[in-house]
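Remarks on the overall topology
Chain residues, written in single-letter form:
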Amino acid sequence: MPSLLIKNATVLVTMDDRQREIPAGGLFVRDGFVEQVGPTGELPKAADEVLDLTGHLVLPGLVNTHHHFYQTLTRVVPAAQDANLFNWLKTLYPIWARLTPEDIFTSAQTALAELALSGCTTASDHLYLFPNGSRLDDEIAAAKEVGLRIQAARGSMSLGESKGGLPPDSVVDSEESILKDSQRLIEQYHDPQPGATVQVVLAPCSPFSVTGELMKQSAKLARQYGVHLHTHLAETEDEQAFCLQKFGHRPVPYMQSVDWVGEDVWFAHAVYVDGDEVQTFARHGCGVAHCPSSNMRLASGIAPIKEYLAAGVKVGLGVDGSASNDGSHLLAEARQAMLLARLKEGVSGFSLSPSPSPEGEGENSPLPPGDGSGVRALMSARQALRLATLGGAAVLGRNDIGSLEPGKCADFFAIDLNRLDYAGALHDPVAAALFCHPVRADYTVVGGRFVVREGQLVTVDERALVERHNRAAARLLGGA
Ligand SMILES: [Zn+2]
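Residues numbered from 1 in each chain as written. Predicted model: local features only at pLDDT ≥ 70, side-chain atom pairs only at ≥ 80, totals over all residues. Heavy atoms only, no water.

**Topic: the overall build of the protein**
Note the following rule: Numbering of helices and strands starts at the N terminus; helices are DSSP runs of H or I of at least 4 residues and strands are runs of E of at least 2. C-alpha atoms define the radius of gyration, and 2.2 Å times the number of residues to the power 0.38 defines the globule rule. Think of it in three bands: with a 1.4 Å probe and only protein chains considered, a residue is buried below 20% of the maximum accessible area for its type, exposed above 50%, and partly exposed in between. Note on contacts: a residue pair qualifies if any of its non-hydrogen atoms lie within 4.5 Å across the two residues. Per-residue and other accessible areas were derived by the Shrake-Rupley procedure at a 1.4 Å probe size, with only the shown protein chains allowed to occlude residues. The convention is simple: Lys and Arg are positive, Asp and Glu are negative, and His and the chain ends are not counted. By convention, charge coordinates are those of NZ in Lys, CZ in Arg, CG in Asp, or CD in Glu.
Looking only at helices and strands, the protein features 14 helices and 17 strands. For 480 residues, the compact-globule estimate of 2.2 N^0.38 gives 23 Å, and the C-alpha radius of gyration of the protein, at 22 Å, lies within 12% of that figure. If one aligns the C-alpha atoms of the protein with their principal axes, the spans along those axes are about 65 × 60 × 45 Å. Residues counted as buried form 59% of the 480 residues belonging to the protein. Long-range contacts, defined as pairs at least 24 residues apart, comprise 74% of the intrachain contacts of the protein with a sequence gap of at least 6. As displayed, the protein offers around 17,800 Å² of accessible surface, 51% of which is attributable to carbon and sulfur atoms. Of the side-chain charges in the protein, 40 are positive and 57 negative, and the distance between the mean point of each set is 2 Å.

Structure, rendered in structure tokens:
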């Protein structure tokens, strides 16, 4: 692969151990990996391709830890606009039952294109229904074409209505066929090497759509192959009530009872998790995919992110499926995470007798710094950015992405700072990316290859994709 030199970035954010933000920074990339990072003057002068990013902010590629690409076809469905999770699912399951393999491919391209334009370079996707011959292969093919890294989570549902589950029987599968296909996918696609573009994850959908036995068997299979495990957990009070009634446990103890705790497990949402359960996550190394927009959209609740970070739990961000967000803009999600954490943890008011913040201080702390005013600490822009990069990488179990350092994947994005959205905010361009209205990336590079250049997708024809996508969405909603 040709070498690539990035030079003269106004600021290049490394997210390395020293949290370096390099003025007039650059990168030298060879064979898809970062070889050198530093001030432009200290880098090689030539490469096969040289890109001068004067006036741009360069950030490590963002990592998305939870999504359902196919839901881009069912955004803003009128009957599901104002519903909470269970009613929303009940409305959408019959529509999703009409998905075809081509729909999976098209919707994955749309979601991945949006993600790329929002600075994302690695995305996990959770596909948990396979109607009409659909396969996980369909979205993996889409990711290869778009050029993003994918942690493709082979979802599953086996507990239909007739057995006391939530989904209609028409969208659930037999546990035997689920496990057989899971094994096939791992053997066919999973690449454990640094720089992998495809990794496979096993991901039974949720406590109310699979049996405990499938959870156990999936964990056993995943551990045989060393692949990760993912599911929805503790998303709503309804789910908590379901777990207590059906399994006699709250969601987290239920996970413990089916061998679903460990460094190789991450949970989407994790809103209804109490103090002891936070410690359970920390002790076992479980990760959390925090999806603030979805949790607000479905009125699910607010996850205890501050408690997770204080306990040392790995936290990444997820845009979640596009039927509950309804967009795939990861930089915008980082902004939501920052704002929602403030709403949950911040206390309004002003103290005349300053007292030191009782908890972690400074930008290197996982906790928001106190300002010494006695007012509780607020999540900073840089902490939100950390969740979206290194946090997500840790959740996915990848140490080859999330920062710009020698030896790491050459995954990054750049934003032109000379735009209306940032006018007046250039005292701190890094914070501006989070505080100001989220913009489209001007360049997105994955493993040294351009996916976005000068604000345009280079691997897919955006206009043609939108037309194809809208035709598929209209057909699905029309019931044809
Ligand atoms: Zn989800």
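**Overview of helix H5 (residues 212–225)**
Applied cut-off: How far a helix is expected to stretch is found by multiplying one less than its residue total by 1.5 Å.
Over its 14 residues, H5 runs 20 Å from end to end, which matches the ideal 20 Å to within 8%, given 1.5 Å per residue. Those residues of H5 that sit buried are Gly212, Leu214, Met215, Ser218, Ala219, Leu221 and Ala222. Looking at the buried positions of H5, the neighbouring elements they touch are strand S8 (149–156), helix H4 (175–189), strand S9 (198–204), strand S10 (228–233) and helix H7 (251–257). Downstream of H5 by a residue or two, Gly226 has a phi angle that is positive, lying close to 70 degrees.

**Brief notes about the coordination of the zinc ion**
Stated formally: With water omitted from the atoms examined, metal sites may look incomplete; donors here are N, O and S atoms no farther than 2.8 Å from the metal, or 3.2 Å in the case of Na, K and Ca. A site with four donors is called tetrahedral when every donor-metal-donor angle falls between 85 and 135 degrees; four donors are called square planar, and six octahedral, when opposite donors sit more than 155 degrees apart and all other angles fall between 65 and 115; any other arrangement is irregular.
Only His66 (NE2), His68 (NE2), His232 (NE2) and Asp320 (OD) from the protein coordinate the zinc ion, and they sit 2.1 to 2.5 Å from it. For the zinc ion, the 4 donor atoms in the first shell make angles of 88 to 175 degrees at the metal, a pattern classed as irregular. Counting gaps between the donor residues of the zinc ion yields the pattern H-x1-H-x163-H-x87-D. Of this pair, His232 sits in strand S10 while Asp320 sits in the loop between strand S13 (314–317) and helix H11 (330–345), placing them 88 residues apart in sequence. His232 gets classed as buried once you look at its relative accessible area, which sits at 7%.

**Here we look at the pairing of S8**
So the rule is basically this: Pairing between two strands is assigned when DSSP locates at least 2 bridges connecting them. The path from the first strand over the helix to the second decides the hand: if it runs clockwise while the strands point away from the viewer, the crossover is right-handed.
For S8, a buried count of 8 out of 8 residues is recorded, marking the element as mostly surrounded by other parts of the structure. What you see with S8 is no split at all: Arg149, Gln151, Ala153 and Gly155 on one side and Ile150, Ala152, Arg154 and Ser156 on the other are buried throughout. Note that strand S7 (residues 120–127) and S8 share 6 bridges and pair parallel. Its bridge partner lying in S8, His126 is registered against Ala153. Between the parallel elements S7 and S8, the chain passes through helix H3 (residues 136–146) in a crossover that is right-handed.

**Looking at the pairing of strand S1 (residues 4–13)**
Here S1 lies mainly inside the structure; 7 of its 10 residues are buried. Looking at chain direction, S1 and strand S4 (residues 49–52) are connected through 4 bridges and run parallel. Bridging across to S4, Ile6 finds its partner in Leu51. In this sheet, strand S2 (residues 21–30) lies alongside S1 in antiparallel orientation, the contact comprising 7 bridges. The residue of S2 that forms the bridge with Ala9 is Gly25. Bridge analysis of S1 against strand S5 (residues 56–60) gives 2 bridges, and the strand direction is parallel. Bridged to Val11 within S5 is Leu57.

**Notes on the nonpolar core**
Where we set the bar: Residues belong to one nonpolar core when they are buried, are Ala, Val, Leu, Ile, Met, Phe, Trp, Tyr or Cys, and are joined through side-chain atoms within 4.5 Å.
Trp88, Leu89, Trp96, Leu148, Trp260, Phe281 and Tyr308 are the most contacted members of the largest nonpolar core, which has 127 residues in total. Aside from chain neighbours lying at most four places away, what touches Leu148 is Leu112, Leu115, Ala116, Cys120, Thr121, Ala143, Thr197, Val446 and Val451. Judged by nonpolar contacts, the second largest core, of 19 residues, contains Leu4, Ile6, Leu27 and Tyr443.

**Remarks on the packing of H3 against H4**
As a reminder of what qualifies: Under this scheme, a helix contributes an axis fitted over its contacting stretch, all axes are lines through C-alpha atoms, and angles between N-to-C directions fall in the 0 to 180 degree range. Put simply, angles under 35 degrees are roughly parallel, angles over 145 are roughly antiparallel, angles from 65 to 115 are roughly perpendicular, and the rest are oblique. Each helix crossing is assigned a hand: it is left-handed if the near helix lies turned anticlockwise from the far helix by less than a right angle, otherwise right-handed if that turn is clockwise.
Contact pair H3 / H4: the axes reach a minimum separation of 11 Å and the direction vectors enclose 25 degrees. Between H3 and H4, the angle is such that the two are roughly parallel. Between H3 and H4 the crossing geometry is right-handed. Residues Leu136, Asp137, Ile140 and Lys144 of H3 lie in contact with H4, whose contacting residues are Arg184, Leu185, Gln188 and Tyr189.

**So, the environment of Gly478**
Relative to the assigned elements, Gly478 resides in helix H14 (residues 462–478). Classification of Gly478 as exposed rests on a relative accessible area of 63%. When the C-alpha atoms of Gly478 and Ile95 are compared, they prove to be 9.2 Å apart, with 383 residues separating the residues in sequence.

**Focus: the environment of Arg453**
You can see Arg453 is positioned in strand S16 (residues 449–453). Spatially, the C-alpha atom of Arg453 lies 25 Å from that of Ala152, the residues being 301 residues apart in sequence. Non-local contacts of Arg453, meaning those with residues more than four positions away in its chain, are made with Glu49, Asp442, Tyr443 and Val458.

**Quick look at unusual backbone geometry**
Of note, the amide linkage connecting Asn325 to Asp326 takes the cis form, showing an omega dihedral of 5 degrees. The residue Asp326 is located in the loop between S13 and H11 in this model. In this model, Met15 sits at a positive phi of 60 degrees, which is unusual for a non-glycine residue. As for its placement among the helices and strands, Met15 is situated in the loop between S1 and S2. Within the chain, Asp320 stands out as a residue other than glycine whose phi angle is a positive 60 degrees.

**Here's the deal with the pattern of salt bridges**
Using the following cut-off: Salt bridge criterion: a side-chain nitrogen from Lys or Arg within 4 Å of a carboxyl oxygen from Asp or Glu.
Taken as a whole and assessed by the stated rule, the structure comprises 23 salt bridges. Where Asp400 meets Arg398, a salt bridge forms, and the shortest distance between an N and an O atom there is 2.8 Å. Asp400 sits in the buried class, given a relative accessible area of 6%. Across the pair Lys408 and Glu405 runs a salt bridge, and its minimum N-O distance is 4.0 Å. Residue class for Lys408 comes out buried when judged on its relative accessible area of 14%. Put simply, Arg135, Asp137, Arg154, Asp181 and Arg184 are held in one network by salt bridges that share partners.

Honestly, that's just the spatial picture; any functional story needs more than this.
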